[in-house]
Protein chains: 2
Amino acid sequence: MKVLVLGGDGYLGWPTALYLSRRGHEVGVVDNFARRQYDFELGAESLVPIASLQERIRVWQAVSGRVITPFIGDLTDAEFVYRVFREFEPEAIVHFGEQRSAPYSMIDRRHAVYTQVNNVVGTLNVLYAMAEINPAVHLVKLGSMGEYGTPNIDIEEGFLEVTHNGRRDVLPYPKQPGSMYHLSKVHDSHNILFACRNWGLRSTDLNQGIVYGQVTEETAQDPRLATRLDYDAVFGTVLNRFIIQAVLGHPLTVYGQGGQTRGMLDIRDTVRCIEIALENPPAPGEYRVFNQFVEEFSVKQLAELVARLWPGGARIDYLPNPRTEADSHYYNARHTKLMDLGLKPHLLSETLIESLFEVVERHKDRVNWEAIRPTVDWRRTHNAVGQVGMPVSRG
Amino acid sequence: MKVLVLGGDGYLGWPTALYLSRRGHEVGVVDNFARRQYDFELGAESLVPIASLQERIRVWQAVSGRVITPFIGDLTDAEFVYRVFREFEPEAIVHFGEQRSAPYSMIDRRHAVYTQVNNVVGTLNVLYAMAEINPAVHLVKLGSMGEYGTPNIDIEEGFLEVTHNGRRDVLPYPKQPGSMYHLSKVHDSHNILFACRNWGLRSTDLNQGIVYGQVTEETAQDPRLATRLDYDAVFGTVLNRFIIQAVLGHPLTVYGQGGQTRGMLDIRDTVRCIEIALENPPAPGEYRVFNQFVEEFSVKQLAELVARLWPGGARIDYLPNPRTEADSHYYNARHTKLMDLGLKPHLLSETLIESLFEVVERHKDRVNWEAIRPTVDWRRTHNAVGQVGMPVSRG
């Protein structure tokens, strides 16, 4: 299958491109390197050194004998998107190509507007390119479990059967996203559902939980194939961040009481879930949602687990929660559709955490300590980010 | 009260500004004249001639002795928005300042992207200006009944009480908007709800039905105070359009079988609903939704009513529906909150329709006949609009 991976230079996009390439698909990668640009802005780069996309692709060809085609450009540039569609002629698209950090979107007005415009317009351009050039293409879109928020009822996979005043319907699941970033994903979901119904497009929206881990079978084959690992408070996700903090001897930074419960998955399950979605496309006109995670943990549970496993232990700091979110709430989210299609999950193991301790240990000298503690407060409309504590604004 | 009317030069914004000014409020009007610009693009101007904003304001001062302050600029320009907030110091904002036509948003990709970016970014800038400058401001935002789509259950006012697997919650009402425009309103609704919860802002979202009529007590005081009346297939709304078609001797253009049922209201109720919302502000942090319409009609009912009332009758043409929408569906939408707060609705009357016949009769020579029949097909991604049938694109 010809698969175009949008955002294929990022934390998950790159391992996905390698995984699909190794399984014999013809893979193209689209990226504008926005994620590498954020590093300059925040003064915090990947803990694990990463090669340029061009070098990654060269090394992969040397290691595997397989070709990955790069397309360098911006999804908000419609002419670029249409050109790539015409040149590569994808049968499926895996769309990681969005600004993906909630704190980044909450830095200030400019970052909020950037996040929503970048994500929504990029996805609109992809939908129009599909409608105009090849409506049969299957769009596998990365959404987020954070779109749902924390309702007091069970979370279903995308849709909810409602009985009301004696009548019944199946409706899009009501969303209560908790950041400008999560809002952008909800906007995308509505736009994609409409495009599927209106033009007969087909899409799988993967509402993904929080991913941990850094190594896949493919990235392990050469250090220059490594994917990024973020430790900073803006892009570092919760379990990865705790592991890095433990190794550094930095207290584990729990926001609030740590009762926030979230669905999580191993990076090796992310790439497999994408493959499962690709292998089982929806019908024309169908918009389908899979909740993509395998276990639920509270933030406090994760911190305690890491603190217990790190030799000598780690201190846990309960910081005032910089986010406006419930830190004690009901949480029970369905996640059976990917299992039903064959996902065999990697459950969180001590071995995985210990192997991450080793990865971090090798690179811990690269850390900018100032980037670890959260500086983006949801209640403020101006937040200071960047390595010397100065506000940095996007033009 | 100091009230800023965003989009105050438009079909409803201008009568609202006059109405509030007459009731003793200090009114500012913000507009970038985008709506007048669309006229050039589409080759179809208001059937009733309209004066410039500056002349309207001069005449209003002469007629009423009251001052309206104009601010000319674009809501997507944050510096402009912040400057207006600091200069005018509004206590309340009435936000009509969005691209408001579903067909316009469905012309092609550029118009879809323009509509979503213009509407979403403009509203984000307003929300940030409120959060940063004065969170006590009450935002009265114009949403649309079209946000809900046509679910098979009763439509509630913004929120739905759901019982699911034995648990209960009140959640945002699930939305199924049917155009890129209606999607932009849904995006706004999610953004505003978040802003209220996150920063303690207060907002009333008025999910308005289809407005008919053209005359209010205030606009009737001088021909130069008239508001616009659109007859074209892109901006003309259904009842107004049928009335104009009848007077012109053009068949009434019903899309599909005309079973589409929609909530409707008189323009004189629009301005009163705004006043009611302003007089009864929500609590800080509260996001409140009122469904703003007073009666439900099917499109076929409206066509038959107009055909019956026009002397000599009118032909009804049932055209292939250019939109992707159900033209036979369940529809029962709650609309009690504004009534409970004191709205005394103008129900649709023969007198009102006959008075509109007269308005149209006076100006019927201004019509561009080519703009009447629908040319925007929801299923196509390129549609021809403009007076000589040529596609016109927005740069």
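None of the values given here were measured: they were computed from a predicted structure. (Residues numbered from 1 in each chain as written. Chains lettered and ligands numbered in written order. Predicted model: local features only at pLDDT ≥ 70, side-chain atom pairs only at ≥ 80, totals over all residues. Heavy atoms only, no water.)

## Notes on the overall build of chain A
What counts, and what does not: Starting at the N terminus, helices and strands are each numbered in turn, a helix being any DSSP run of H or I of at least four residues and a strand any DSSP run of E of at least two. Any residue under 20% of the maximum accessible area for its type is buried, any over 50% is exposed, and the rest in between are partly exposed; the area is computed with a 1.4 Å probe on protein chains only. Contacts are assigned to residue pairs that have any heavy atoms within 4.5 Å of one another. In these tables, accessible area is a Shrake-Rupley quantity obtained with a 1.4 Å probe, and a residue counts as shielded only by the protein chains included in the view.
Within chain A, the secondary structure is distributed over 12 helices and 14 strands. The principal-axis extent of the C-alpha atoms belonging to chain A is close to 65 × 55 × 45 Å. Burial status across chain A gives 64% buried among its 395 residues. Of the contacts formed within chain A by residues at least 6 apart in sequence, a portion of 81% connects residues at least 24 apart. Of the roughly 13,800 Å² of accessible surface on chain A, a fraction of 49% belongs to carbon and sulfur atoms.

## Remarks on the pairing of strand E11 (residues 261–266) of chain A
Residue and element names in this part refer to chain A. To keep it simple, the criterion reads: Strand pairing is defined by DSSP finding a minimum of two bridges between the two strands.
A large share of E11 lies buried, amounting to 5 of its 6 residues. Taken together, the 3 bridges between strand E9 (residues 210–212) and E11 define a ladder with parallel strand orientation. Considered in E11, the bridge of Ile210 is made with Met264. In this structure, E11 lies alongside strand E13 (residues 295–298), joined through 4 bridges in antiparallel fashion.

## As for the UniProt feature "domain: NAD-dependent epimerase/dehydratase" (unreviewed entry) in chain A
Basically, it comes down to this: UniProt positions are given in the numbering used here, feature names are shortened, and annotations may be inferred rather than shown by experiment.
Taking the numbering used here, the UniProt-annotated feature "domain: NAD-dependent epimerase/dehydratase" (unreviewed entry) corresponds to residues 3–291 of chain A. Note that residues 3–291 of chain A is 40% helix and 22% strand, and that its end C-alpha atoms are spaced 22 Å apart.

## Here we look at the interface of chain B and chain A
Put simply, the rule reads: Buried area adds together the accessible area that both of two parts lose upon being put together, with accessible area traced by a 1.4 Å probe. Counting of polar contacts relies on pairs of N or O atoms within 3.5 Å, with two restrictions inside protein: one atom must be capable of donating a hydrogen and the other of accepting it, and residues adjacent in sequence are counted only when both atoms are side-chain atoms. Three categories are distinguished: nonpolar for Ala, Val, Leu, Ile, Met, Phe, Trp, Tyr, Cys and Pro, charged for Asp, Glu, Lys and Arg, and polar for the others, with Gly belonging to the last.
Between chain B and chain A, the residue contacts involve 55 residues of the former and 55 residues of the latter. In total, chain B and chain A occlude about 4,900 Å² of area from one another, counting both sides; carbon and sulfur atoms represent 62% of this. When the buried area of chain B at its contact with chain A is split by residue, Arg109, Arg167 and Phe194 of chain B rank highest and sum to 13% of it. Along the contact surface separating chain B from chain A lie 29 residue pairs in polar contact (both at pLDDT 80 or more). Only helix H4 (78–88), helix H6 (109–133), strand E6 (159–164), strand E7 (167–172) and helix H7 (180–199) of chain B provide two or more residues apiece to the side of chain B that touches chain A. The element best represented in the side of chain B that touches chain A is H6 of chain B, accounting for 12 residues. Residue classes in the side of chain B that touches chain A are distributed as 26 nonpolar, 16 polar and 13 charged.

## Notes on the packing of helix H4 (residues 78–88) of chain A against helix H6 (residues 109–133) of chain A
Residue and element names in this part refer to chain A. What counts is decided by this rule: To obtain an axis, a line is fitted to C-alpha atoms, over the contacting stretch when the element is a helix, and the angle between two such axes runs from 0 to 180 degrees between their N-to-C directions. Each angle is binned into one of four classes, with values under 35 degrees roughly parallel, values over 145 roughly antiparallel, values of 65 to 115 roughly perpendicular, and all other values oblique. Handedness of a crossing is defined here by the sense of rotation of the near helix relative to the far one, left-handed for an anticlockwise turn of less than a right angle and right-handed for a clockwise turn.
At a closest axis distance of 10 Å, the pairing of H4 and H6 adopts a crossing angle of 45 degrees. In terms of axis orientation, H4 runs oblique to H6. As H4 runs across H6, the sense of the crossing is right-handed. Every residue of H6 that contacts H4 at Ala78, Val81, Tyr82, Phe85 and Arg86 is listed here: Asn125, Val126, Tyr128, Ala129, Met130, Glu132 and Ile133. A class-by-class count of the residues in the contact of H4 with H6 yields 9 nonpolar, 1 polar and 2 charged.

## Quick look at the relation of the copies chain B and chain A
As a reminder, the rule being used: The least-squares superposition of copies is restricted to C-alpha atoms, and to residues with a pLDDT of at least 70 in both copies.
It takes a turn of 180 degrees to lay chain B on chain A, together with a shift of 0.0 Å along the axis; the resulting RMSD is 0.0 Å. One copy is carried onto the other by what is essentially a two-fold rotation axis. When the interface residues of chain B are mapped onto chain A, 100% of them again fall at the interface, so both copies present the same face.

## Points about helix H7 (residues 180–199) of chain A
Residues and elements named next belong to chain A. Rules: A helix is expected to reach a length of 1.5 Å times the quantity of its residues less one.
The terminal C-alpha atoms of H7 lie 28 Å apart, and with 20 residues this matches the ideal 28 Å at 1.5 Å per residue to within 8%. Judged by how many residues are buried, H7 sits mostly within the fold: 19 of 20 residues are covered. Following H7 by one or two positions, Gly200 adopts a phi angle in the positive range, close to 70 degrees.

## Quick look at the nonpolar core
The test is simple: Take the buried residues of types Ala, Val, Leu, Ile, Met, Phe, Trp, Tyr and Cys, join any two whose side-chain atoms come within 4.5 Å, and each joined set is a nonpolar core.
Ile93, Met130 and Met180 of chain A together with Ile93, Met130 and Met180 of chain B are the most contacted members of the largest nonpolar core, which has 124 residues in total. Apart from the residues lying within four places of it in its own chain, the contact partners of Met180 of chain B are Leu124, Tyr128, Phe194 and Trp199 of chain A together with Ser105, Met106, Ala112 and Gln116 of chain B.

## Notes on the sheet that holds strand E4 (residues 92–95) of chain B
Sheets are built from strands that pair by backbone hydrogen bonding, the pairs being arranged parallel or antiparallel. All names here are of chain B. Spatially, E3-E2-E1-E4-E5-E8-E12 is the arrangement adopted by the 7 strands of the open sheet, whose pairing is parallel. Each edge of the sheet is formed by a strand with only one pairing partner; in this case those strands are strand E3 (68–72) and strand E12 (287–292). Averaged over all adjacent pairs, the angle separating strand axes in this sheet is 20 degrees, with direction ignored. The sheet contact formed by strand E2 (residues 26–31) and E3 spans 5 bridges and is parallel. By the bridge assignment, Val29 is partnered in E3 with Pro70. In the packing of helix H3 (residues 53–64) onto the sheet, the strands contacted are E2 and E3, and the crossing angle to E3 comes to about 170 degrees. Contacting strand E1 (2–6), E2, E3 and E4, H4 crosses the sheet at an angle of about 160 degrees to E3.

## Thoughts on the side chain of His187 of chain B
Relative to the helices and strands, His187 of chain B is located in helix H7. The class of His187 of chain B is buried, set by a relative accessible area of 0%. At a separation of 3.1 Å, a polar atom in the side chain of His187 of chain B contacts the side chain of Asn191 of chain A. Apart from the residues lying within four places of it in its own chain, the contact partners of His187 of chain B are His187, His190 and Asn191 of chain A together with Gln116 and Val120 of chain B.

## Considering the environment of Val59 of chain B
Residue and element names in this part refer to chain B. If you trace the backbone, Val59 turns up in helix H3. Once the C-alpha coordinates of Val59 and Pro223 are considered, the two residues, 164 residues apart in sequence, prove to be 9.7 Å apart. Ignoring anything within four residues of it in the chain, the contact list for Val59 reads Asp222, Arg224 and Leu225.

## Describing the pattern of salt bridges
Going by this rule: Salt-bridge detection follows one rule: a side-chain nitrogen of Lys or Arg within 4 Å of a carboxyl oxygen of Asp or Glu.
Inspection of every chain in the model, using the stated rule, returns 60 salt bridges over all chains. Among the salt bridges present, the one from Arg272 of chain A reaches Glu275 of chain A, with a minimum N-O distance of 3.0 Å. Taken as a pair, Arg272 of chain A and Glu275 of chain A lie in helix H9 (residues 267–279) at a separation of 3 residues, close to a single helical turn. A relative accessible area of 23% means that Arg272 of chain A is categorised as partly exposed. Residue Glu275 of chain A is classed as buried on the basis of its relative accessible area of 7%. Two residues, Glu218 of chain B and Arg22 of chain B, come together in a salt bridge whose shortest N-O distance is 2.7 Å. Of this pair, Glu218 of chain B sits in the loop between strand E9 (210–212) and helix H8 (238–248) while Arg22 of chain B sits in helix H1 (residues 13–22), and the two are 196 residues apart along the sequence. Because the salt bridges share partners, they merge into one network encompassing Arg22, Arg23, Glu217, Glu218, Arg272, Glu275 and Glu279 of chain A.

## Some remarks on the state of the cysteines
What we call a disulfide is simply a covalent bond connecting the sulfur atoms of a pair of cysteines. Residue and element names in this part refer to chain A. For the record, the criterion: The rule for a disulfide is simple: a pair of cysteine sulfur atoms within 2.5 Å.
Considering all chains together, one arrives at 0 disulfides over all chains under this definition. Cysteine Cys196 shares no disulfide, and the gap to the nearest cysteine sulfur, in Cys273, comes to 20 Å. Exposure remark for Cys196: the relative accessible area of 1% places this residue in the buried category. Judged by its relative accessible area of 1%, Cys273 falls in the buried class.

## Overview of the sheet that holds E9 of chain A
Residues and elements named next belong to chain A. One open sheet accounts for 3 strands, arranged E9-E11-E13; its pairing is mixed. The open sheet has two edge strands with one neighbour each: E9 and E13. Averaged over all neighbouring strand pairs, the angle between strand axes comes to 45 degrees, with direction disregarded.

## Regarding helix H1 (residues 13–22) of chain A
All names here are of chain A. The element H1 is extensively covered by neighbouring structure, given that 9 of its 10 residues are classed as buried. Listed as buried for H1 are Gly13, Trp14, Pro15, Thr16, Ala17, Leu18, Tyr19, Leu20 and Ser21. Where H1 is buried, its residues contact strand E1 (2–6), strand E2 (26–31), helix H3 (53–64), strand E3 (68–72), strand E4 (92–95) and H9. Positive phi shows up at Gly24, right after H1, with a value of about 95 degrees.

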